[in-house]
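Listed below are the residues making up each chain.
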Amino acid sequence: MRLDLAPILRWVRPGARVLDLGCGDGTLLEALRDQRRAEGLGIEIDADNITACIARGINVIEQDLNESLANFENRSFDTVVMTLALQALRYPHRVLDEMLRIGQECVVTFPNFGHWRARWYLGSRGRMPVSKFLPYTWYDTPNIHFCTVDDFEALCAERNIRILDRAVVGADNRESPLARLWPNLFGVTAIYHITR
Amino acid sequence: MPSQIPHDSVGLVCPRVQHFDRPIRLSCGRELADYDIVYETYGELNAERSNAVLICHALSGHHHAAGYHSPNDRKAGWWDDYIGPGKPIDTRHFYVVSLNNIGGCHGSTGPVSINPETGRPWGPDFPSLRCRDWVATQRELMKALDIPQWAAVIGGSLGGMQAMRWAVEHPDDLRHCVVIASAMKLSAQNIAFNEIARQAITADPNFHDGRYLEHDTIPDRGLALARMVGHITYLSADGMMEKFGRDLKAGDFTLGSDSEVEFQVQSYLRYQGDAFSKSFDANSYILMTRALDYFDLAREYNDDPVQAFRRARCAFLVLSFTTDWRFSPARSREIVNALIGAQRPVSYAQIEASHGHDAFLVPIPRYQAVFSAYMQRIRAEFANGGAN
């Protein structure tokens, strides 16, 4: 179990209906099923991940998040989750709107581009950061919409998204006191519990 | 003939016939006093009788889905790539039941059978059938085989329609429904293609209003033409180009020569048409294409597929193929969306394939992987002793 998923397990109510956008190989939905008795459905486009989900007994739909989510009705899920996919979307704010329409509550996680290493890299070298966590070159990357913790909260304020809870983890995927105090500087991955 | 039967084949199989003498009322209002169903089984029914799966066949299918009838058979059953030891429908774990639907022409009661009232073949007088009649008679077979519940009902194309009908009308009789390259109803274009096929048959001078058997003949030209049209729609443009290109079977285009040219694709289509016209009954073809046209899963549920699927209690796997334009991925997504709306457990994969609609019969690695993974999940349920 990835440690950055731990807060999500806390926030999802037992027995909840959960939609996971970009569910990968189904790890999170499996944990939610086994630990929270959640009834999950994943959305994924990668063929191997889809097979992996089915092999674990996780229901998964092949669908592209960049296209419409109109096939999901308003408030048809208790929680809509999207982990580490926000930065790869063509229109992140529209997908957030869709998540908030479909779910009573949502959980979003993303890599914090305001982390001091990213700032140091850009500031000292004047080049786009490349790291172990974000190993892509600027011209060939799935991550086309990086943001910082402060950017995300500004977006939430602008679009009337209510932040119910926030967790920020450091490089070791643990919630550290430093990251709690200065999330925009020391958070590697930001995890938000939101609603509208 | 395979030089020896492959190790991942179910091997030699023998069809059996189940006779039913309790009359069945059909959806057209008429009654069939008694009927036969020919079927095959592969694998062993377990002690709990919980590992049985039903295979529903498509338009031109039949009971012989896997294995060989004789060591001299050149070809295995029509879904042999998917049924057998180690294959997606793994016969080391599942008990597979595959039948020929009534109205067919491979041994089950249909237009070529003798009408007991006249002593002559039914021909065009055989009652018209709907998908639900097949499901009802499949259910009679299920009872005869003493199977309390299917682990899964599985079908491609028209077979997928039967599988969905099972899920909606008999929710307690199945735990999983696998719907491959199918649709909740045909499009106008689809019905149009079926109409061309029927017109080709009825326009054959040997058709004799469907009483060709009494004239000791068959409308083989018409049936071959019907199959040729159908066959084109089961392939994709790219798939056909890949397979045949513009290759020539005979003749050439040398300037100054007037030799007759035959493209490979012409020869292939004629061969397919001829072979089919010798093995399939024209009245059966008409009857089955009509059942396809008439099928509409949600007709009795206010035309609302979500309402229809709310009745279902099983889990679903839906598969489609990218180049299938007869039962396109869009039709499968409609099924998936209705299932999501009805809050039924569903998984969906859209398989990259160049084979058009025929892809559902072809061994394709991703298709095999997804299908196998799902079937293993079903197995895990009864291995753990649990129905869901």
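So, how was this worked out
Residues numbered from 1 in each chain as written. Chains lettered and ligands numbered in written order. Predicted model: local features only at pLDDT ≥ 70, side-chain atom pairs only at ≥ 80, totals over all residues. Helix = DSSP H or I, 4+ residues; strand = E, 2+ residues; numbered from the N terminus. Rg over C-alpha atoms; globule rule 2.2 N^0.38 Å. Buried ≥ 20, exposed ≤ 12 C-beta atoms within 10 Å, placed from the backbone. Contact = placed C-beta atoms within 7 Å. Axes fitted to C-alpha atoms, helices over the stretch in contact; angles between N-to-C directions. Parallel < 35°, antiparallel > 145°, perpendicular 65-115°, else oblique. Left-handed = near helix turned anticlockwise from the far one by under 90°. Nonpolar A, V, L, I, M, F, W, Y, C, P; charged D, E, K, R; others polar. Expected span 1.5 Å × (residues − 1). Domains from an automatic or database assignment. Pairing = 2+ DSSP bridges. Right-handed = clockwise from strand over helix to strand, strands pointing away. pLDDT = per-residue confidence, 0-100. Arc of directions from axis to C-beta.

**A closer look at the overall build of chain A**
For chain A, the helix and strand inventory stands at 8 helices and 7 strands. Against the 2.2 N^0.38 benchmark of 16 Å for 196 residues, chain A shows a C-alpha radius of gyration of 16 Å, consistent with a compact globule. If one aligns the C-alpha atoms of chain A with their principal axes, the spans along those axes are about 45 × 35 × 30 Å. Burial statistics for chain A: of 196 residues in total, 43% are counted as buried. In chain A, of all internal contacts separated by at least 6 residues, the share reaching a separation of at least 24 is 62%.

**As for the packing of helix α3 (residues 188-202) of chain B against helix α7 (residues 282-294) of chain B**
Residues and elements named next belong to chain B. For the pair α3 and α7, interaxial distance at closest approach is 10 Å and the crossing angle is 160°. Classed by the angle they form, the pair α3 and α7 counts as roughly antiparallel. Our pair here, α3 against α7, has a crossing hand that is left-handed. When α3 is examined against α7, the residues Ile191, Asn194, Ala197, Arg198 and Ile201 are found in contact with a partner set consisting of Ala282, Tyr285, Ile286, Thr289, Leu292 and Asp293. Of the residues in the contact of α3 with α7, the class split is 7 nonpolar, 2 polar and 2 charged.

**Digging into α3 of chain B**
Along its 15 residues, α3 of chain B runs 21 Å from first to last C-alpha, staying within 8% of the 21 Å computed at 1.5 Å per residue. Against the buried residues of α3 of chain B lie α4 (220-234) and α7 of chain B.

**Quick word on the domain arrangement of chain B**
Residues and elements named next belong to chain B. One can read the domain layout of chain B as domain 1 (16-185 + 296-383) and domain 2 (194-289). Centre-to-centre separation of domain 1 and domain 2, based on C-alpha positions: 27 Å. The interface is formed by 23 residues belonging to domain 1 together with 19 residues belonging to domain 2.

**A look at the pairing of strand β4 (residues 77-83) of chain A**
Residues and elements named next belong to chain A. Of all 7 residues in β4, 6 are buried; the element is thus mostly enclosed. Of the pairings in the sheet, the one linking strand β1 (residues 17-21) to β4 comprises 3 bridges and is parallel in character. Its bridge partner being in β4, Val18 is matched across the sheet by Thr79. Judged from the 6 bridges that link them, β4 and strand β5 (residues 103-111) form a sheet pairing that is parallel. Among the inter-strand pairings, Thr79 is bridged to a residue of β5, identified as Glu105. Handedness of the β4-helix α4 (residues 92-102)-β5 crossover: right-handed.

**Here's the deal with the interface of chain B and chain A**
Facing 18 residues of chain B, the contacting portion of chain A comprises 13 residues. For the side of chain B that touches chain A, the secondary structure elements donating two or more residues are α9 (329-341), β16 (346-351) and α10 (365-383) of chain B. Among the elements that take part in the side of chain B that touches chain A, α10 of chain B stands out by supplying 8 residues, more than any other. When its residues are assigned to classes, the side of chain B that touches chain A shows 11 nonpolar, 5 polar and 2 charged.

**Considerations on the confidence of the model for chain B**
Of the residues in chain B, 98% reach a pLDDT of 70 or more, and the chain-wide mean stands at 96. Our summary of model confidence lists the complex with pTM equal to 0.95 and ipTM equal to 0.94.

**Let's talk about α4 of chain A**
Residue and element names in this part refer to chain A. All buried positions along α4 are accounted for by Pro92, Val95, Leu96, Met99, Leu100 and Ile102. Viewed end-on, α4 has its buried residues packed into an arc of 165°, placing them on one side of the element. The inward-facing, buried residues of α4 contact β1, β4, β5 and β7 (189-195).

**Some words on the pairing of β5 of chain A**
Residue and element names in this part refer to chain A. Within β5, 8 of the 9 residues are buried, which leaves it mostly tucked inside the rest of the structure. Judged from the 6 bridges that link them, β5 and β7 form a sheet pairing that is antiparallel. The residue of β7 that forms the bridge with Pro111 is Thr189.

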